[in-house]
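What follows is the residue order along each chain.
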Amino acid sequence: MELPLWAIFGLLSATFSAGVMLTQERVRLNGFAMAFWNKVACATFMLPMVIIMGAPANPYFYMLLCAQAVLWVISDVIFFNAVTKVGAGLVSRILPVSVIVTFCLWFAINPPMWEEYMSTPVRSGLIFAALCASVYFATRLRHCPVSWQAVRVIWFVIFAAIVGPLMAKLVMGEASFAQGPFAYVFFEALAMISMWLVYYAIKRPIPAGDLFNWKNAKGGFMVGAFSCLMVVTNVAAIKLVDNPGLVPAIKFTDTFIILMYYRYIGHKETSDVTAGIGIVACAAAIIFLKSL
């Protein structure tokens, strides 16, 4: 079986995602400073590619992209605050459920896709079962009890996780495959940087000396090197796959990559290794079933 291109990009995105998280863990910067410099790095790294490949001429690409940027600007601020309030482990247990909702909502946006899936009910049923299983294993990775209080704290983050891949699919539909991924990262970064600067001027979440210093810029660029590659490959996968809800399920393999890295360096980790293996098995099943 030849591995489909969308799956290759999805697995690459998972690898770069693991790099983002491991680098963040190493540099340990303030959340707002990390988010800001990460996007500055993304814009910087993608500028040469946009110059070489060109930018989409379709105005709807930029309209949809700006709308999505607003979504992530708000979500990121809530997310970083929520991690300090309720813990990263608990947040990581709640968010995977969004994948199932995203998968189902795409059929409402693209009704012909429902007919296509129903033309092969057994295969489609198995794909959905594998998707649900991957979500189950993702929620099992951390042993943190889920509370409604935590859900109320991060409800917008959950909403963004549901809508984000759908909007990415719509955005990428307005651009060519050659230009879309690079332009997506570059212009989304510019939009988010602009919005965060306005937010910073109003709220001043951290002192200017803490935001605009070499340590934060260096750490942000280290993370941004992985981050821009993660987003480029992620939206490339979303562009190529028929249902954007499948890509996050493949991207769950980033947790397994991190678990294996921790085991390699001898780092003690409380995550469920069996659940990590289950995620990889489900991702393999989805790719196989989609290739039939």
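Scroll up to find the structure.
Conventions adopted
- Residues numbered from 1 in each chain as written.
- Predicted model: local features only at pLDDT ≥ 70, side-chain atom pairs only at ≥ 80, totals over all residues.
- Heavy atoms only, no water.
- Helix = DSSP H or I, 4+ residues; strand = E, 2+ residues; numbered from the N terminus.
- Rg over C-alpha atoms; globule rule 2.2 N^0.38 Å.
- Buried < 20%, exposed > 50% of the residue type's maximum accessible area, 1.4 Å probe, protein only.
- Areas by Shrake-Rupley, 256 points an atom, 1.4 Å probe, with all protein chains shown as cover.
- Lys, Arg positive; Asp, Glu negative; His and termini not counted.
- Charge placed at Lys NZ, Arg CZ, Asp CG, Glu CD.
- Contact = heavy atoms within 4.5 Å.
- Axes fitted to C-alpha atoms, helices over the stretch in contact; angles between N-to-C directions.
- Parallel < 35°, antiparallel > 145°, perpendicular 65-115°, else oblique.
- Left-handed = near helix turned anticlockwise from the far one by under 90°.
- Nonpolar A, V, L, I, M, F, W, Y, C, P; charged D, E, K, R; others polar.
- Polar contact = N/O pair within 3.5 Å; in protein donor to acceptor, adjacent residues only side chain to side chain.
- Expected span 1.5 Å × (residues − 1).
- Phe/Tyr/Trp six-rings, centres within 6.5 Å; stacked < 30°, edge-to-face > 60°.
- Core = buried A, V, L, I, M, F, W, Y, C linked by side-chain atoms within 4.5 Å.

Participant: Which residues make up the overall build of the chain, and what values go with them?
Facilitator: Helix and strand counts for the chain come out as 15 helices and zero strands. For the chain, the C-alpha radius of gyration of 19 Å lies close to 19 Å, the compact-globule estimate for 292 residues. Per-residue burial for the chain yields a buried fraction of 49% across its 292 residues. For the chain, the computed accessible surface area is about 13,800 Å², with 69% contributed by carbon and sulfur atoms. Each charge class in the chain can be summarised by its mean position, and for the 19 positive and 12 negative side chains these summaries are 10 Å apart.

Participant: Tell me about the environment of Ala130, residues and numbers included.
Facilitator: Assignment of secondary structure puts Ala130 in helix α7 (residues 121–140). In this structure Ala130 comes out as buried when scored by relative accessible area, which is 9%. When the C-alpha positions of Ala130 and Leu289 are compared, they lie 9.5 Å apart, and in sequence the two are 159 residues distant. Excluding its chain neighbours within four sequence positions, the residues that come into contact with Ala130 are Cys282, Ala285 and Ile286.

Participant: Tell me about the packing of helix α9 (residues 155–172) against helix α10 (residues 180–203), and name the residues and values.
Facilitator: Contact geometry of α9 with α10 gives a least axis separation of 10 Å together with a crossing angle of 120 degrees. Here α10 runs oblique to α9, going by the angle between their axes. As α9 runs across α10, the sense of the crossing is right-handed. Across from Ala168, Val171 and Met172 in α9, the residues of α10 making contact are Gly180, Pro181 and Tyr184. Tallied by class, the residues present in the contact of α9 with α10 amount to five nonpolar, one polar and no charged.

Participant: Requested: an account of the environment of Trp72, with residues and values cited.
Facilitator: Take Trp72: it is sitting in helix α3 (residues 59–86). For the pair Trp72 and Ala161, spaced 89 residues apart in the sequence, the C-alpha separation amounts to 9.1 Å.

Participant: Account for the side chain of Gln68, with residues named and values stated.
Facilitator: Positionally, Gln68 belongs in helix α3. Here the side chain of Gln68 touches Tyr184 through a polar contact of 2.3 Å, side chain to side chain. In this view, Gln68 contacts Gly164, Met167, Ala168, Tyr184 and Glu188; residues no more than four positions away in its chain are not counted.

Participant: Tell me about helix α14 (residues 253–265), residues and numbers included.
Facilitator: Look at α14: 19 Å from first C-alpha to last across 13 residues, which is about the 18 Å you get at 1.5 Å a residue. Taken as a whole, α14 has its buried residues at Thr253, Asp254, Ile258, Leu259 and Tyr262. Check the buried side of α14 and you find it contacts α1 (5–27), α13 (246–251) and α15 (273–291).

Participant: Mind laying out the packing of aromatic side chains, listing which residues take part and the relevant values?
Facilitator: Under the criterion given, the structure shown has 20 aromatic pairs. Here Phe45 and Phe221 contribute two aromatic rings whose centre-to-centre distance is 5.8 Å and whose plane-to-plane angle is 75 degrees, an arrangement assigned as edge-to-face. With Phe45 in helix α2 (residues 31–53) and Phe221 in helix α12 (residues 214–240), the pair connects residues that are 176 residues apart, well separated along the chain. Both rings, one in Phe107 and one in Tyr117, keep their centres 5.1 Å apart while their planes meet at 75 degrees; by these two values the pair is edge-to-face. With Phe107 in helix α5 (residues 98–109) and Tyr117 in helix α6 (residues 111–118), this pair connects stretches of sequence that are 10 residues apart. Three or more aromatic residues joined by ring pairs form one cluster here, namely Phe32, Phe36, Trp37, Trp196, Tyr199, Tyr200 and Phe212.

Participant: Residue-level account of unusual backbone geometry, with values.
Facilitator: In the Ramachandran plot, Arg204 falls in the positive-phi region, its phi being about 45 degrees despite a non-glycine side chain. You can see Arg204 is positioned in the loop between α10 and α11 (208–211).

Participant: How would you sum up the side chain of Thr233? Please name residues and give values.
Facilitator: Examined against the element boundaries, Thr233 turns out to sit in helix α12. In terms of polar contacts, Thr233 uses its side chain to reach the backbone carbonyl oxygen of Leu229, at 2.7 Å. Apart from the residues lying within four places of it in its own chain, the contact partners of Thr233 are Phe9, Leu12, Ser13 and Phe16.

Participant: An account of the nonpolar core is needed here, citing residue identities and associated values.
Facilitator: Formed by 77 residues in total, the largest nonpolar core has its most connected members in Trp6, Tyr184, Val185, Leu211, Leu246 and Ile286. Of all the elements, α2 adds the most residues to this core, at 11 residues. Counting residues in each nonpolar core, the second largest holds 12 residues, with Leu71, Val157, Ile158 and Met167 among its members.

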